[in-house]
Amino acid sequence: MFRHLPLPFLCLIPAFAMAADVDFDRDVRPVLNDYCIRCHGPDREKGKVRFDTLSTDMLADSAAAETWHDALNALQLGEMPPDDEAQPSDAERKVLSDWINDELQRAIAAKQSSGGRVVIRRLNRVEYQNTMQDLLRLDLNYVRNLPSDPLSPDGFQNNGASLGMSAMQLEHFLATARNALSRAIVLGPEPEPVVHLTEKSDADKGRGNFTNQLARSGVFVSRVPDFPEEGEFEIRVRAHAKLPTQDSAYPVMKVDLGYRADTQRPSREVARIDVAPESREYVLRGRLEEFPLQSRVQSKYPGLLIWVSNAYHDGKNVKEAMTIETVNPKNPKKKSRKTIYEADPDFPQIVVESVEFKSPIFEAWPPNHHRQILPDSATREEGELVYMREVLEQFLARAFRRPPTEVEVKNLQRYFAKVRPTFETFEEAARETLAMALISPEFLFLVEPGSSDEKRPLNEYELASRLSYFLWSSMPDDRLFELAKAGTLSDPATLSAEVERMLQSPKSRRFVKQFTGQWLDLDQLDRVAINPEYYPDFDPALKPWMRQETEAFFAEILEQNLSALLFLDSDFVMANEPLARHYGLENGPRTTAFEKVVLASDSRRGGLLTQASTLLGASTGEDSHPIKRAVWIRERLLHDPPAPPPPDVPSLDAENPDFAKLTVREQLAAHRDEPGCVDCHRGIDPWGIALEHFDAVGLYRETIRRKAGKKFVSNPVVAMDVLPGGHEVKGVEELRAFLLTERKDQFAHALVSKLLSYAVGRTLELTDEPEIEGIRHEFAENDYRLRKLVEIVVSSEAFRTK
């Protein structure tokens, strides 16, 4: 995949202004022979690139055009030739740059009329989950049995070229559709809700600290003897907190739902909530189908159980329970044991006043989710086929995200007539018919029909879908459908207003979560296991908060329309109580909700580079990993990933005790002595070495603790190195300053490329480069405001064109 980097020559100098008399054999080849062929020729094929045989026809050979494009980037950034090689003169560098620019411009101009089309793409797991939830208005897990989605070369999960469809997947989609519709369309009379109130904790099983006052230990148990097997439930917990001091953190109430099965406790978490000192009622909702329910024939520990506990963790492991053994004076052989739970006055506590369970709950019967599919209508009196046609017209318009055709409606109407005799009720036959609609390509794929060799503007309904899946990861809402029907969505003023409305919606959190996670590879957190031998006090519960810190940081910049350059450096962080305590931030939040925390003037934090999601994700779980961190910076922030290492590259000898005594810079220097490593690592290592003051869990350090044999040794941190181009940086502060001053345009270009690729659901091509650079230029003119960038992307030709 070609890497989008700033191209000042390519996009700002028109073709006619470039050197017109440059001849490749006469002017360009000698420069390549003098400075490039030694590393990229017949004797050595660094990066699998050979300039002696690389095609110069950039119109006919797209792969060659991408390689020349990468070469131009490296040339302009001063990364090639390497510093220790002979350097071309300014005149020679200009000849080579001008020739590549000229040929790329010609190729782009010739291909622009047919390139850059969005391929048909299937809804990915997240989009399918959200679409089913918004379509049926039921909060169920629709993707439980679906396989994970592959990542595209761009790192995104919504790229049409990577989202296939197998026969097995189609079977899962059909089973899911049938199951979902069996709950969306109800049968029979209105069920009687079960209501159960518990004011004093029940016992779970045997001994235990079953209590209304929850500290480090203790659990409140509510046993519901009779309960339904499906439907929405509501748990109302009335509680208040007892805080040691006025400034103490709030305790965290954890509520689980399940049952007792001898030694096991099958359950699932319902929610975690910060509990305030004032007495309040906390209302939690879910669907029973999503939770473990005991078999009706199981009777040893009957009943549905609700467990309420205190999940607050202050980093201390204090033993609350003490077992006292007493001897019967009349019978010395007879002993009794009693467990005493000591109070901890310094720990925030929860006092549970009552727990009420109610299920099923609904506002009317049939419920709204039923009536929005099978509405009350006079056509019911005209016969089932007539009424089913009305149902199909309304349902398909939302499911297909456009008005259905007459053929589509009639085909499903005929299917209903065929299967109706096999079902006892109209509702059951309707379920089966609508399930067929939900495995149609018109539902499972974002279909934009048209000739494969022509570009065209999106129609109103296609534009509504592309916009909603970009910002909401789901189908359009009623407002977007109305604008599409009226033919006014594509009006620039209307489109701009809709972007603003959609970003203000709570659904925009889906965009924040999906784009941030895929752009910055936040899943890397789950791929690293923290070694407790190195970090015995690390709380694994921090990992989800680390991910959410980065999401909250992105959301703050987006919602406040701040400069995207804050991703490189900022005077604030987003933190909650657990993370603020982990980082050692003073005057941090008291709850698990993320808040903006302004940093002290001498703080070393700020921007993405010092967030734990970045530092831990690109670590070994024992120590920092400067190479992984460097690759992350180049790939995620600069869109310039280094070439993958050759298969025979030697690894760092981490198990060697003598090797462990070296600083990281010395280790990497030894690694660079290997002939197969030196060239690549000169352009990689310095980016990661600058972050060496931060350990594997994201904490600042002055020394590095590393195991050598059976003992630990400590080395001073060395965080200074020389970046490609000869710029020396020492520590993260100088690295951030370098990115802001020397690589600001490259970062902006990278962010534009990533956002546009995500927005259109495809890998960007060389033909997109002029538009990318145009968006970057407008982005810069608007002070790099992130919210404005989203609007610019939506108004771009690439976004509004098939």
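For the structure itself, consult the block above.
Residues numbered from 1 in each chain as written. Predicted model: local features only at pLDDT ≥ 70, side-chain atom pairs only at ≥ 80, totals over all residues. Heavy atoms only, no water.

Novice: Just checking my understanding: could you explain the sheet that holds strand S6 (residues 252-258) for this structure?
Specialist: Pairing between sheet strands relies on hydrogen bonds along the backbone, with the strands arranged either parallel or antiparallel. Within the open sheet, the four strands sit side by side as S4-S9-S6-S7. Their pairing is antiparallel. Both edges of this open sheet fall to strand S4 (219-224) and strand S7 (267-274), since each of them pairs with a single strand only. Neighbour-to-neighbour, the strand axes of this sheet turn through a mean angle of 20°, independent of strand direction. In terms of strand pairing, S6 meets strand S9 (residues 304-310) through six bridges, oriented antiparallel. Bridge pairing in S9 links Lys254 to Ser309. (Pairing = 2+ DSSP bridges. Helix = DSSP H or I, 4+ residues; strand = E, 2+ residues; numbered from the N terminus. Axes fitted to C-alpha atoms, helices over the stretch in contact; angles between N-to-C directions.)

Novice: What is the right way to read the layout of surface pockets from this model?
Specialist: To find leftover empty space, a probe the size of one water molecule is rolled over the atoms. Of the volumes computed, that of the second largest pocket is approximately 770 Å³. Taken together, 34 residues form the lining of the second largest pocket, with Leu138, Gly231, Glu232, Arg287 and His369 sitting closest to its centre. (1 Å grid on protein atoms, 1.4 Å probe; cavity = no way out; pocket = protein on both sides within 12 Å on 5 of 7 lines; lining within 4 Å. Points joined across faces, edges and corners; volume = space filled by probe spheres on them.)

Novice: Teacher, can you tell me more about the pattern of salt bridges here?
Specialist: Charged atoms that come close allow side chains of opposite charge to pair. Scanning all chains against the criterion turns up 48 salt bridges. Among the salt bridges present, the one from Arg121 reaches Glu127, with a minimum N-O distance of 3.2 Å. Across the pair, Glu127 and Arg121 agree in class, each one buried. With its nearest N and O atoms 4.0 Å apart, the salt bridge here joins Arg183 to Glu230. Here the residue Arg183 occupies a position in helix H6 (residues 167-184), and Glu230 occupies one in the loop between S4 and strand S5 (232-242), the gap between them amounting to 47 residues. On the basis of relative accessible area, Glu230 is assigned to the partly exposed category, the value being 44%. Three or more residues joined by partner-sharing salt bridges are found here, namely Glu232, Glu234, Arg236, Glu281 and Arg285. (Salt bridge = Lys/Arg side-chain N within 4 Å of Asp/Glu carboxyl O. Buried < 20%, exposed > 50% of the residue type's maximum accessible area, 1.4 Å probe, protein only.)

Novice: Sorry, what's going on with empty space enclosed by the protein here?
Specialist: The full count for this structure, using the stated rule, is one cavity of 30 Å³ or more. Taken as a whole, the largest cavity encloses approximately 40 Å³ of empty space. In terms of lining residues, the largest cavity is bounded by Asn124, Val126, Glu127, Gln157, Asn158, Ser473, Gln514, Gln518 and Tyr758. For the lining of the largest cavity, the secondary structure elements donating two or more residues are helix H5 (125-136) and helix H15 (508-519). Looking at the lining of the largest cavity residue by residue, the class counts come to two nonpolar, six polar and one charged. (Nonpolar A, V, L, I, M, F, W, Y, C, P; charged D, E, K, R; others polar.)

Novice: Would you take a moment to explain the environment of Ile185 for this structure?
Specialist: When you line up the elements, Ile185 lands in the loop between H6 and strand S2 (194-198). For the pair formed by Ile185 and Ala430, sequence separation is 245 residues and the distance between their alpha carbons is 8.6 Å. What Ile185 contacts, discounting residues up to four positions off in sequence, is His370, Ile373, Leu374, Glu427, Arg431 and Leu434. (Contact = heavy atoms within 4.5 Å.)

Novice: What is the right way to read the side chain of Arg510 from this model?
Specialist: Here Arg510 shows up in helix H15. Filtering out sequence-adjacent residues up to four positions away, Arg510 remains in contact with Asn130, Asp134, Trp472, Ser473 and Ser474.

Novice: Would you mind showing me how to read the environment of His240 here?
Specialist: With respect to the helices, strands and loops of the structure, His240 is situated in strand S5. In this structure, the C-alpha to C-alpha distance between His240 and Ala276, residues 36 residues apart in sequence, is 5.9 Å. Not counting residues up to four positions away in its chain, the partners in contact with His240 are Val275, Ala276, Pro277, Glu278, Ser279, Gln349, Ile350, Val351 and Glu353. Here the side chain of His240 touches Glu353 through a polar contact of 2.8 Å, side chain to side chain. (Polar contact = N/O pair within 3.5 Å; in protein donor to acceptor, adjacent residues only side chain to side chain.)

Novice: Can you help me understand the packing of helix H8 (residues 384-399) against helix H10 (residues 426-437) in this one?
Specialist: When two helices pack together, their arrangement is given by the angle between their axes and by how far apart the axes lie. Running from N to C, H8 and H10 point in directions that differ by 40°, and their axes come no closer than 11 Å. Like other packed secondary-structure pairs, H8 and H10 cross with a definite hand, here right-handed. Of H10, the residues touching H8 (which contributes Glu384, Tyr387, Met388, Leu392, Phe395 and Leu396) are Phe426, Ala430, Thr433, Leu434 and Ala437. Tallied by class, the residues present in the contact of H8 with H10 amount to nine nonpolar, one polar and one charged. (Left-handed = near helix turned anticlockwise from the far one by under 90°.)

Novice: Got a minute to help me understand helix H9 (residues 406-419) in this structure?
Specialist: In an α-helix, one full turn covers 3.6 residues, which means residues spaced three or four apart are oriented alike. Between its terminal C-alpha atoms H9 stretches 20 Å, which fits the 20 Å expected from 14 residues at 1.5 Å a residue. Along H9, the residues that are buried comprise Glu408, Val409, Leu412, Gln413, Phe416 and Val419. Here the buried residues of H9 occupy an arc of 135° about the axis, which is enough to place them on one side. Counted as exposed and oriented over 90 degrees from the buried face of H9: Val407, Arg414 and Lys418. Each element contacted by the buried residues of H9 is listed here: H8, H10 and helix H11 (441-444). (Expected span 1.5 Å × (residues − 1). Arc of directions from axis to C-beta.)

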